[in-house]
Amino acid sequence: YQNDPLTLIVVAMSHEAKAVLAWLKVEEKRKLEQGLLYRGLIFKKPVLLLQTGIGEGRASLQALLQQWPIKGALLTGYCGGLSPHIKVGEAILAQKILPTLTAPWASLDQKVEATLKIAELIYHKAPLLTVAVPLTTPQQKQAAFISTSAFGVDMESLTWALALTEVSIPFSVVRFVYDEQGHSLEGVIGLVDGHGRPRPLK
């Protein structure tokens, strides 16, 4: 399978990666500058799973493209809910990635949407906001929704979406709501490091 076209799946945190690893028959694991990379098969289809850590990071695709023929990408994982109407566990299939990626891009949305329907998951086709600093209070999330109309917020999607757009690789972004607009994350963010691992308590 080494020369077969691959699908790249990008997540931020280790427990997001575990959800994919449950389906992935791992053939190779290595540490890269961009994060922790797994190569293997899902239903006999070649897949790269990249765990990047929390935040924008460096969305460098060149090293990956030099080694593997990536044909498409899925950016996924958790997000915060900004819309007051979206609930924990519901999905956002991003149609815009704010603040800068608003034009249509080559996407895999048709396949992703079909899969969400098969799984009978509630999903919303809506804008997603990427930020550099977490929005931890209900007030911050409400203000972001009013100013952007984005249904969800994360810290990674825009960087990778822009990198994929530059090299004309089709991709989709589907995020699952972890906290609703009215939920506060104050005191929670400090419990994990930049890779989503629990910080040791004193």
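The following paragraphs examine the structure supplied in this document. (Residues numbered from 1 in each chain as written. Predicted model: local features only at pLDDT ≥ 70, side-chain atom pairs only at ≥ 80, totals over all residues. Heavy atoms only, no water.)

Some words on the overall build of the protein
Scanning the protein from N- to C-terminus turns up five helices and nine strands. Here the protein holds 202 residues, and the buried ones make up 49% of them. Counted over contacts in the protein with a minimum sequence separation of 6, partners at least 24 positions apart contribute 76%. Accessible area for the protein stands at about 10700 Å²; split by element, carbon and sulfur atoms hold 57% of it. (Helix = DSSP H or I, 4+ residues; strand = E, 2+ residues; numbered from the N terminus. Buried < 20%, exposed > 50% of the residue type's maximum accessible area, 1.4 Å probe, protein only. Contact = heavy atoms within 4.5 Å. Areas by Shrake-Rupley, 256 points an atom, 1.4 Å probe, with all protein chains shown as cover.)

Focus: helix H5 (residues 157-166)
Of all the ten residues making up H5, seven are buried; the element is thus mostly covered by neighbouring parts of the structure. Looking at H5, one finds that the buried residues are Ser157, Leu158, Thr159, Trp160, Ala161, Ala163 and Leu164. Taken from the residues just after H5, Ser168 is the one with a positive phi, measuring 60°.

Considerations on the nonpolar core
Counting 30 residues, the largest nonpolar core has Leu8, Leu64, Leu75, Ile97 and Phe171 as its most contacted members. Breaking this core down by element, the ones donating at least two residues are strand E1 (6-11), strand E4 (45-51), strand E5 (70-81), strand E6 (91-98), H5 and strand E9 (171-179). For this core, the leading source of residues is H5, giving five residues. Residues in contact with Leu64, not counting those within four places in the same chain, are Leu8, Leu32, Leu37, Leu50 and Ile70. Val11, Val20, Leu24 and Ile42 belong to the second largest nonpolar core, which has ten residues in total. (Core = buried A, V, L, I, M, F, W, Y, C linked by side-chain atoms within 4.5 Å.)

Side note on the environment of Leu61
Mapped onto the elements of the fold, Leu61 is located in the loop between E4 and helix H2 (62-67). Separated by 103 residues in sequence, Leu61 and Leu164 place their C-alpha atoms 7.7 Å apart. With residues near it in sequence (within four places) discarded, Leu61 still touches Leu8, Trp160, Ala163, Leu164 and Val167.

What to know about the pattern of salt bridges
Considering all chains together, one arrives at seven salt bridges under this definition. Of the charged contacts in the structure, one is a salt bridge between Glu113 and Lys125, with a shortest N-O distance of 3.3 Å. Note that Glu113 is positioned in helix H3 (residues 109-118) and Lys125 in strand E7 (residues 123-130), a separation of twelve residues in sequence. Note on Glu113: relative accessible area 16%, which makes it buried. Using a relative accessible area of 48% as the deciding quantity, one classes Lys125 as partly exposed. (Salt bridge = Lys/Arg side-chain N within 4 Å of Asp/Glu carboxyl O.)

Points about the environment of Gln139
With respect to the helices and strands, the residue Gln139 is situated in helix H4 (residues 138-148). Owing to a relative accessible area of 55%, Gln139 belongs among the exposed residues under this scheme. When the C-alpha positions of Gln139 and His183 are compared, they lie 9.8 Å apart, and in sequence the two are 44 residues distant.

As far as function goes, none of this settles anything; it's purely spatial.
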